[in-house]
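Close look at the chain arrangement
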Amino acid sequence: LARIQTDSVVMMLRELYPDLCFEIAVAMSTTGDKILDTALSKIGEKSLFTKELENALERNEVDLVVHSLKDLPTCLPPGFTIGAVCKRENPLDAVVFHPKNCGKTLSLLPEKSVIGTSSLRRAAQLKKKFPHLEFRDIRGNLNTRLKKLDEKEDFSAIILAAAGLKRMGWENRIGQLLGPEDCLYAVGQGALAVEVRAKDQEILNMVSALHDADTVLCCIAERAFMKRLEGGCSVPVAVNTLLKDGQLYLTGAVYSLDGSDSLKETMQTSVNYPHLNEDGPNDDVQHVGITAKNVPGQAQEAAENLGVELASLLLSKGAKHILSVARQLNDAR
């Protein structure tokens with residue numbers, strides 16, 4: 001999947017800059033790829049899938065790195081920035097069923113059916129929604145997880161991001177899409193990010209053409225929400241964003257590990273600002289790690305403030321307690 005995502009970004013860059021040569025120089029495994037017998041939420045908090053790639057960027061071995069935005073921490077190491085956020089693929093979660101359960105939905109699965117997911121966020125929401133089901137960790141890349149599902153009887157279904165399945169050309173395996181009423185998605189899910197050196201103006205200017213303004217604003221709001229909550233992969237934090245008629249709507253939620261305790265709110269703000277010529281000392285302002293010169297600065301600020309305000313509202317209602325208990329319970333597992 002990582003290779004397919006990188007190829008898709010390189011293809012867009014080649015179309016924009018036919019005179020430049022783009023070489024996919026390095027394919028490397030990260031810590032998160034190598035440790036497959038432990039739940040993601042237990043390996044360690046940040047930069048699980050990104051640290052080795054950033055080291056190559058820092059050593060000038062590569063000029064840009066393509067990530068799933070949801071893998072990137074809300075605080076990037078000094079010297080790096082997200083130079084492009086590409087148009088978002090479907091951000092929803094999808095259910096892939098064991099062949100014997102083809103045509104069913106989660107609600108129709110028999111009592112005590114086992115569902116595979118490595119995400120605390122998915123498990124917390126779905127345990128509450130479908131109490132008759134059991135949830136168990138499943139790790140590995142998409143190919144590995146689908147193989148485990150199809151060839152063994154351990155799982156009745158697994159939950160994956162719809163975007164990854166679509167990019168792999170496996171959309172036909174999606175048995176059920178989980179809408180916001182069933183499962184809010186992860187911060188940044190479905191969007192690809194291009195990470196570059198923050199001071200490399202030439203590369204930054206080049207990749208900024210890939211920014212999709214609507215996706216940028218949605219993801220800034222989501223990342224600001226996560227950052228204010230100090231959330232990460234070891235706590236269940238979820239979002240849903242909608243940008244319509246210049247209004248950005250952000251729904252955010254936090255959950256206990258079993259989903260029994262939760263807080264969920266929605267706020268909105270206007271992001272309908274003109275693009276001013278903002279060259280000068282502020283032209284490289286980062287918003288939660290994203291540098292987007294071609295998206296109105298005021299709109300980015302409004303999106304970031306929306307995320308912070310929504311998180312602050314949840315914190316005032318007790319989100320910190322829910323998340324700290326979730327973190328402690330996860331650490332003890």
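The rules behind these values
- Residues numbered from 1 in each chain as written.
- Predicted model: local features only at pLDDT ≥ 70, side-chain atom pairs only at ≥ 80, totals over all residues.
- Heavy atoms only, no water.
- Core = buried A, V, L, I, M, F, W, Y, C linked by side-chain atoms within 4.5 Å.
- Buried < 20%, exposed > 50% of the residue type's maximum accessible area, 1.4 Å probe, protein only.
- Helix = DSSP H or I, 4+ residues; strand = E, 2+ residues; numbered from the N terminus.
- Contact = heavy atoms within 4.5 Å.
- Pairing = 2+ DSSP bridges.
- Axes fitted to C-alpha atoms, helices over the stretch in contact; angles between N-to-C directions.
- Arc of directions from axis to C-beta.
- Polar contact = N/O pair within 3.5 Å; in protein donor to acceptor, adjacent residues only side chain to side chain.
- Salt bridge = Lys/Arg side-chain N within 4 Å of Asp/Glu carboxyl O.
- pLDDT = per-residue confidence, 0-100.

Of all hydrophobic cores here, the largest spans 45 residues; its most connected members are Leu-69, Ile-82, Phe-225, Leu-229, Val-237 and Val-254. Secondary structure elements with two or more residues in this core: β2 (80-85), α9 (213-229), β9 (237-244), β10 (247-255), α10 (297-316) and α11 (319-332). Among the nonpolar cores identified, the runner-up in size contains 15 residues, and Phe-22, Ala-84, Val-196 and Leu-204 belong to it.

Next up on the list: the environment of Leu-243. Checked against the element boundaries, Leu-243 lands in strand β9. The exposure class assigned to Leu-243 is partly exposed, which follows from its relative accessible area of 22%. Those residues within four positions of Leu-243 in sequence are excluded, and the remaining contacts are Asp-214, Leu-217, Cys-218, Leu-248 and Val-271.

For the rest of this paragraph, the subject is the sheet that holds β2. A sheet is described by the order of its strands in space; here 3 strands give the open sequence β1-β8-β2, paired in antiparallel fashion. Sheet topology places β1 (65-68) and β2 at the edges, where each strand pairs with a single neighbour. Taken over all neighbouring pairs, the strand axes of this sheet differ in orientation by 40° on average, direction set aside. Strands in contact with helix α1 (residues 2-16) are β1 and β8 (192-197); relative to β1, the strand with the most contacts, it is inclined by about 125°.

The next thing to look at is helix α6 (residues 142-151). By the burial criterion, the buried members of α6 are Leu-142, Arg-145, Leu-146 and Leu-149. Within α6, the buried residues cover an arc of 95° as seen down the axis, which keeps them to one side. Close packing links the buried residues of α6 with β3 (93-97), β6 (157-161) and α7 (162-167). For α6, the N-terminal cap is Asn-141; the gap from its side-chain oxygen to the backbone nitrogen of Asn-143 is 3.2 Å.

Under the counting rule described, the total for this entry stands at 12 salt bridges. Arg-3 is the salt-bridge partner of Asp-7, the closest N and O atoms lying 3.1 Å from each other. Here Arg-3 and Asp-7 lie together in helix α1, a separation of 4 residues that amounts to about one turn. Judged by its relative accessible area of 32%, Asp-7 is partly exposed. You can call Arg-3 partly exposed: its relative accessible area is 48%. For Glu-222, the salt bridge is made with Arg-88, and the minimal N-O distance between the two is 2.9 Å. Residue Glu-222 is found in helix α9, and its partner Arg-88 is found in the loop between β2 and β3; the two are separated by 134 residues along the sequence.

Backbone geometry places Lys-112, a non-glycine residue, at a positive phi of 65°. By secondary structure assignment, the location of Lys-112 is in the loop between β3 and β4 (114-116). Given a relative accessible area of 54%, Lys-112 falls into the exposed group. The backbone phi angle of Val-288 is positive, close to 40°, even though this residue is not glycine. Within the fold, Val-288 resides in the loop between β11 (262-270) and α10. Since its relative accessible area comes to 5%, Val-288 is described here as buried.

All right, on to the side chain of Arg-122 then. With respect to the helices and strands, the residue Arg-122 is situated in helix α5 (residues 120-129). Discounting residues that sit within four places of it in the chain, Arg-122 has contacts with Lys-70, Asp-93, Thr-117, Ile-159, Leu-160, Ala-161, Cys-183 and Gln-189.

The subject of this paragraph is the confidence of the model for the protein. Across the protein, pLDDT averages 90, with 90% of residues at or above 70. Mean pLDDT per element in the protein: helix α3 (residues 40-43) is the minimum at 48, and β3 is the maximum at 98. Confidence over residues 41-45 falls short of pLDDT 50; this stretch has 19 contacts with residues more than four positions distant or in other chains.

Our focus in this paragraph is the environment of Ser-119. Along the polypeptide, Ser-119 turns up in the loop between β4 and α5. Classification of Ser-119 by relative accessible area gives buried; the value is 14%. Placed 40 residues apart in sequence, Ser-119 and Ile-159 show a C-alpha to C-alpha distance of 8.8 Å. Here the side chain of Ser-119 touches Arg-121 through a polar contact of 3.2 Å, landing on its backbone nitrogen.

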